[in-house]
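Letter by letter, the chains look like this.
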Number of protein chains: 2
Amino acid sequence: MRRDVFQAIADPTRRAIIGLIALQAMTPNALAEHFDTTRQAVSKHLRILTECQLVKQEQAGREIYYHFNPDSMKEVADFIEPFRRMWESKFRQLDNVLSNMKKSKK
Amino acid sequence: MRRDVFQAIADPTRRAIIGLIALQAMTPNALAEHFDTTRQAVSKHLRILTECQLVKQEQAGREIYYHFNPDSMKEVADFIEPFRRMWESKFRQLDNVLSNMKKSKK
DNA sequence: CACTTGCGAAACCGATTAGTTGCACATATA
DNA sequence: TATATGTGCAACTAATCGGTTTCGCAAGTG
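From a predicted model like this one, the values you see are computed outputs, not experimental measurements.

## Some remarks on the protein's contact with DNA strand D
If you check the shell around DNA strand D, you find 24 residues, and the closest are Lys44, His45 and Gly61 of chain A together with Ser43 and Tyr66 of chain B. Restricting attention to atoms of DNA strand D within 4 Å of the protein, one finds that 61% of them are sugar or phosphate atoms. Between DNA strand D and Thr38 of chain A, the relevant distance is 2.8 Å, taken from a phosphate oxygen to a side-chain nitrogen or oxygen of the residue. Take Ile64 of chain B: an N or O atom from its main chain is 3.4 Å from a phosphate oxygen of DNA strand D. Those elements giving two or more residues to the surface near DNA strand D turn out to be α2 (12-23) and α4 (39-51) of chain A together with α3 (28-32), α4 (39-51) and β2 (63-68) of chain B. For the surface near DNA strand D, the residue count by class is four nonpolar, 11 polar and nine charged.

Written as structure tokens, this is what we have:
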């Protein structure tokens, strides 16, 4: 199933999972200890993260290590990029000047 | 009401609205023409975007112009930033080397 | 072999979501 | 003033979400 990355990172628990896994690959059980939920709930989050390829599995016996895969995060970065310069202060100030000019023209 | 930015940008229609508004401030009616939904549906999206301050209103008579406010987008940028270098190829290659070293050690 | 451990899948549940229709209200306009 | 226009809000609905409990199964372990 194809899943939207933006929807995947909308959930705070999933963002926390990403934060943990990015540091070190972990099993579902190890992950679940960091949250106040069942292992099955974490497993469902991991499935969603896997579906949009933010995470990949590495089987090791009966354990499954989940690795973070940053590639899919590019999509989010690409979305934000056009807005980046807008919040950098020097440009913001220019924006304000233009905005005020437009208002006084009305 | 306080609203999560990540949840706000999870919806593709809202991302499209942001894309349009970022180019030029628009009224709900003008926005609705770009989508296959009712004006009221767009209005609800605008309310959610306003609640997390991704958008601000400018009253002009009976019309309301919605402006894009990039500041809240910083939160998303901050979340992504730690992962940025991970997908830049030179670092990826180093990661792969380390990953293979770890595997052969097992 | 019996037993434990690690995991995903299925079924269920309350809450939330994105959409609709219908309405009320303020602002322009004839 | 009567009418048209631009808007937000409320009520409703089908679908989805995030969680739980229960189960089945494969992989280790005594």
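From this point, the narrative continues.
## Here's the deal with the pattern of salt bridges
The tally for this structure, following the rule as stated, stands at eight salt bridges over all chains. Between Asp4 of chain B and Arg15 of chain A there is a salt bridge; the shortest N-O distance is 3.4 Å. One end of the pair, Asp4 of chain B, is in the segment before α1 (5-8); the other, Arg15 of chain A, is in helix α2, on a second chain. By relative accessible area, Asp4 of chain B is classed as partly exposed at 24%.

## Section: the pairing of strand β1 (residues 55-60) of chain B
Residue and element names in this part refer to chain B. Summarising the sheet, β1 and β2 pair through six bridges and their orientation is antiparallel. By the bridge assignment, Lys56 is partnered in β2 with His67. Hairpin geometry of β1 and β2 is characterised by an intervening segment of two residues between the two adjacent antiparallel strands and by a positive phi of about 70° at Gly61.

## A closer look at the relation of the copies chain A and chain B
Superposing chain A onto chain B requires a rotation of 179° together with a translation of 0.0 Å along the rotation axis, leaving an RMSD of 0.1 Å. When the rotation and shift are considered jointly, the pair of chain copies conforms to a two-fold rotation axis. Taking C-alpha positions as reference, the residue of chain A nearest the rotation axis is Ala10 of chain A, located at 3.0 Å. Taken as a fraction of all interface residues of chain A, those also at the interface in chain B reach 93%, which identifies the copy contact as same-surface.

## Some thoughts on the nonpolar core
Judged by nonpolar contacts, the single largest core of 56 residues is most densely connected at Leu54 and Met73 of chain A together with Leu54 and Met73 of chain B. Contact partners of Leu54 of chain B, with chain neighbours within four places excluded, come to Val5, Ala8, Ile9, Ile18, Leu49, His67, Phe68, Asn69, Ser72 and Met73 of chain B.

## Details of the interface of chain A and chain B
With 27 residues of chain A at the interface, the matching set in chain B holds 26 residues. Between chain A and chain B, roughly 2,600 Å² of surface is buried when both sides are summed, and carbon and sulfur atoms account for 70% of that area. Scanning the region where chain A abuts chain B turns up two salt bridges. Linking chain A with chain B are two residue pairs in polar contact (both at pLDDT 80 or more). Where the side of chain A that touches chain B is concerned, the elements lending two or more residues are α1 (5-8), α2, β1 (55-60) and α5 (73-87) of chain A. The element best represented in the side of chain A that touches chain B is α5 of chain A, accounting for 11 residues. Its residues assigned to classes, the side of chain A that touches chain B comprises 15 nonpolar, two polar and 10 charged.

## Some remarks on the side chain of Glu58 of chain A
Mapped onto the elements, Glu58 of chain A comes out in strand β1. At 2.4 Å, the side chain of Glu58 of chain A and the side chain of His67 of chain A are in polar contact.

## Focus: α5 of chain A
With 15 residues, α5 of chain A extends 21 Å from end C-alpha to end C-alpha; this agrees with the ideal 21 Å at 1.5 Å per step. Taken as a whole, α5 of chain A has its buried residues at Met73, Val76, Ala77, Phe79, Ile80, Phe83, Met86 and Trp87 of chain A.

## So, the packing of aromatic side chains
Residue and element names in this part refer to chain A. Taken as a whole and assessed by the stated rule, the structure comprises six aromatic pairs over all chains. Aromatic pair Phe79 and Phe83: ring centres 5.5 Å apart, planes at 85°, arrangement edge-to-face. Of this pair, Phe79 and Phe83 both sit in helix α5, separated by four residues, roughly a single helical turn. Both residues of the pair, Phe79 and Phe83, belong to the buried class.

The rules we used
Residues numbered from 1 in each chain as written. Chains lettered and ligands numbered in written order. Predicted model: local features only at pLDDT ≥ 70, side-chain atom pairs only at ≥ 80, totals over all residues. Heavy atoms only, no water. Near = heavy atom within 4 Å. Polar contact = N/O pair within 3.5 Å; in protein donor to acceptor, adjacent residues only side chain to side chain. Helix = DSSP H or I, 4+ residues; strand = E, 2+ residues; numbered from the N terminus. Nonpolar A, V, L, I, M, F, W, Y, C, P; charged D, E, K, R; others polar. Salt bridge = Lys/Arg side-chain N within 4 Å of Asp/Glu carboxyl O. Buried < 20%, exposed > 50% of the residue type's maximum accessible area, 1.4 Å probe, protein only. Pairing = 2+ DSSP bridges. Least-squares fit on C-alpha atoms with pLDDT ≥ 70 in both. Contact = heavy atoms within 4.5 Å. Core = buried A, V, L, I, M, F, W, Y, C linked by side-chain atoms within 4.5 Å. Buried area = accessible area lost by both parts, 1.4 Å probe. Expected span 1.5 Å × (residues − 1). Phe/Tyr/Trp six-rings, centres within 6.5 Å; stacked < 30°, edge-to-face > 60°.

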